[in-house]
2 protein chains.
Amino acid sequence: MTVIALDVGGTSMKAALVPAPAEPGAGGEDVLASESWPTDRTDPVGGILDFAAHMAARAKALGRPARAAGIAIPGIVDEASGTAVHAANLNWRDVPMLHLAEERLGIPVAVGHDVRTGGLAEAVLGAGRDAGDFVFVAIGTGIAAALILGGGTYPGVSGWSGEVGHIVVRPGGEDCACGNRGCLETYASAASIARRYTALAAVPAGHSTPNGSVNVRAEDVIARAGTDETAARVWSEALDCLADSLAATTLLLDPGLFVLGGGLAQAGPALLEPLEARLAERLLFRPAPPLAVTRLGDRAAVHGAAILASRLL
Amino acid sequence: MTVIALDVGGTSMKAALVPAPAEPGAGGEDVLASESWPTDRTDPVGGILDFAAHMAARAKALGRPARAAGIAIPGIVDEASGTAVHAANLNWRDVPMLHLAEERLGIPVAVGHDVRTGGLAEAVLGAGRDAGDFVFVAIGTGIAAALILGGGTYPGVSGWSGEVGHIVVRPGGEDCACGNRGCLETYASAASIARRYTALAAVPAGHSTPNGSVNVRAEDVIARAGTDETAARVWSEALDCLADSLAATTLLLDPGLFVLGGGLAQAGPALLEPLEARLAERLLFRPAPPLAVTRLGDRAAVHGAAILASRLL
């Protein structure tokens, strides 16, 4: 059997056709076909439904019609009803995504929060497999977490759990888009690392820097941290703020592991090693949980959407 | 049937004989007898076992022999094995409390963490009844929380959940006994409120103040906050730090309610009203969970121990 998996939470939409059940030992990491489409900024819901319908047609053409679909969406999500409550970057409010997709596709659909869906995939197929309870932290344009408790994702009472990006780590600090000041996201998201370096190094965004790069990215800042004082300072502050938030999460929740995902996780040991040291420095009366990087990379949410879909069968 | 309930986590030990099952509608809030004994500082484990044996003898004398016992203990607790792993103020390490108590009493014994046990009682009998998932925060000599998820207490992977007192709310701030700086507990525990006022107002501890009080307590500081500038400042900083930690907890866990317990909860509206306002100020893109004060007061952990015991029957 085949399921359709969609992740519409990133800068573009991703989809895959996956054999079901999408669980370990059942070929869950196999993918029959995958595509990426640009997000439709004027009609994001229509764009998602068109993309899903296109994948259903592809499955049919392959002689393996899809029996269910899973859609990972960003923002605030009511997973029980499959409602897209709110997502700032997609400008929607209370969209009955599950209902609309079932109507369009004629098969059962499951809807999940993108970061929680990614965390589920890490739990079932990735770095959190056999780990017990853990926290998946996606560090990209923003920062959000998924709490994996008892083998499943914990959404909180109203679907707002894991908003670690807005934990204040520097009281009275830099302005955040949320209206507060000193939020983790303001110092440690990939976007903020690039923005802070650009501002401090007086590199106009989109312009050439003295050494020729254009549009500095977080990975450039990390790469320069060994030789460039401004890069070292911005990266060190990001690591300190990340360590502060992981320490707070550890004290509150006592997880067995942190799995780091999102774009910044591509830094690998350059992220893990200093972060492990700084987390241990902050936890003086208890051991620090181990850190790991995502095994599924930017496909975690697609894999998770396939798991959600296959669990409907 | 009767159970023995002990709470040894406070400045003195408390015990009660309670009809079982200690659940709502089954007389769970009834108490046949209760006593308080001083904590044995030289032999705390011996003191606990003697107290439990004394309560067992009392139950027998009442013609209602105890069929099980529950013991709420502070510090790090492995609830599955009933081991008292560590408690700084009782100076023990890896004490097999459950085993020792069963040997002494000859009846089944359950061991729980004192704050989590108090949170369980609030969930079953108190302010968290019918609340769904919530967080119980005990603010006394220290500050710790119990996470009530799915109707039960969530201990974390290694029994260390809920250590909110050591979340850093003022980076680089005042020294904490844990070795870190700027921990919540350093600004907002009842002990810290008294200590900070005493230091700032230059009132030597144990000496008379200009208006005649001796050994300023947190409740005195709160009472003076309307007229005394130093008291107002200390209380306001405590409220800000509490609001910071409740905001971080809300962002991470999305609870449906906070129940505030411990000595400071006796302040009632003087705590709740300003704290509600400050929490809402910090959560700009989502609603703040409601706050409530404990309904069981300083008996929450004893009630919880009775529930643990009655669940063994």
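Residues numbered from 1 in each chain as written. Chains lettered and ligands numbered in written order. Predicted model: local features only at pLDDT ≥ 70, side-chain atom pairs only at ≥ 80, totals over all residues. Heavy atoms only, no water.

## Things to note about the interface of chain A and chain B
Right, on to step 1. Taken residue by residue, the interface counts 35 residues in chain A and 35 residues in chain B.
Right, on to step 2. Regarding the contact of chain A and chain B, the summed buried area is about 2900 Å², with carbon and sulfur atoms giving 68% of it.
Right, on to step 3. Of all residues in chain A, the largest losses of buried area upon contact with chain B belong to W160, L252 and F285 of chain A, amounting jointly to 25% of the total for that side.
Right, on to step 4. The interface formed by chain A and chain B holds zero salt bridges in total.
Right, on to step 5. There are 18 residue pairs in polar contact (both at pLDDT 80 or more) connecting chain A and chain B. (Contact = heavy atoms within 4.5 Å. Buried area = accessible area lost by both parts, 1.4 Å probe. Salt bridge = Lys/Arg side-chain N within 4 Å of Asp/Glu carboxyl O. Polar contact = N/O pair within 3.5 Å; in protein donor to acceptor, adjacent residues only side chain to side chain.)

## Details of the relation of the copies chain A and chain B
Right, on to step 1. Mapping chain A onto chain B calls for a rotation angle of 180° and an axial translation of 0.0 Å; the resulting RMSD is 0.0 Å. Both copies are brought into coincidence by an operation consistent with a two-fold rotation axis.
Right, on to step 2. Here 100% of the interface residues in chain A have copies in chain B that are interface residues too; the copies meet face to matching face. (Least-squares fit on C-alpha atoms with pLDDT ≥ 70 in both.)

## Focus on the packing of aromatic side chains
Residues and elements named next belong to chain A.
Right, on to step 1. This structure, assessed with the given rule, holds four aromatic pairs over all chains.
Right, on to step 2. Arranged with centres 4.4 Å apart and planes meeting at 15°, the rings of W37 and F51 form a pair that is stacked. Placement of the pair is W37 in strand β3 (residues 33–38) and F51 in helix α1 (residues 44–61), with a sequence separation of 14 residues. (Phe/Tyr/Trp six-rings, centres within 6.5 Å; stacked < 30°, edge-to-face > 60°. Helix = DSSP H or I, 4+ residues; strand = E, 2+ residues; numbered from the N terminus.)

## Structural notes on the pairing of strand β1 (residues 2–7) of chain A
Residue and element names in this part refer to chain A.
Right, on to step 1. Counting buried residues in β1 gives six out of six residues, a clear majority hidden from the surface.
Right, on to step 2. Burial of β1 is two-sided: the residues T2, I4 and L6 facing one way and the residues V3, A5 and D7 facing the other way are all buried.
Right, on to step 3. Bridging between β1 and strand β4 (residues 66–73) involves six bridges; their strand directions are parallel. Considered in β4, the bridge of V3 is made with A68.
Right, on to step 4. Direction of pairing for β1 relative to strand β2 (residues 12–19): antiparallel, over a ladder of six bridges. Paired with L6 across the two strands is A15, which belongs to β2.
Right, on to step 5. What sits between the antiparallel neighbours β1 and β2 is a turn of four residues. (Buried < 20%, exposed > 50% of the residue type's maximum accessible area, 1.4 Å probe, protein only. Pairing = 2+ DSSP bridges.)

## Structural notes on the environment of I143 of chain B
Residues and elements named next belong to chain B.
Right, on to step 1. Secondary-structure assignment places I143 in strand β10 (residues 143–149).
Right, on to step 2. Sequence separation between I143 and G165 is 22 residues, and the spatial gap between their C-alpha atoms is 4.5 Å.
Right, on to step 3. Not counting residues within four places of it along the chain, the set of residues in contact with I143 comprises V137, A138, V164, G165, L184, E185, A188, S189 and L242.

## Here's the deal with the sheet that holds strand β7 (residues 92–95) of chain A
Residues and elements named next belong to chain A.
Right, on to step 1. An order of β5-β6-β7 is seen for the three strands of this open sheet, with the pairing classed as antiparallel. Since the sheet does not close on itself, it has two edges, and those belong to β5 (76–78) and β7, each with one partner. Taken pair by pair, the neighbouring strands of this sheet meet at an average axis angle of 15°, ignoring direction.
Right, on to step 2. Direction of pairing for β5 relative to strand β6 (residues 83–87): antiparallel, over a ladder of three bridges. Paired with V77 across the two strands is A84, which belongs to β6. (Axes fitted to C-alpha atoms, helices over the stretch in contact; angles between N-to-C directions.)

Honestly, that's just the spatial picture; any functional story needs more than this.
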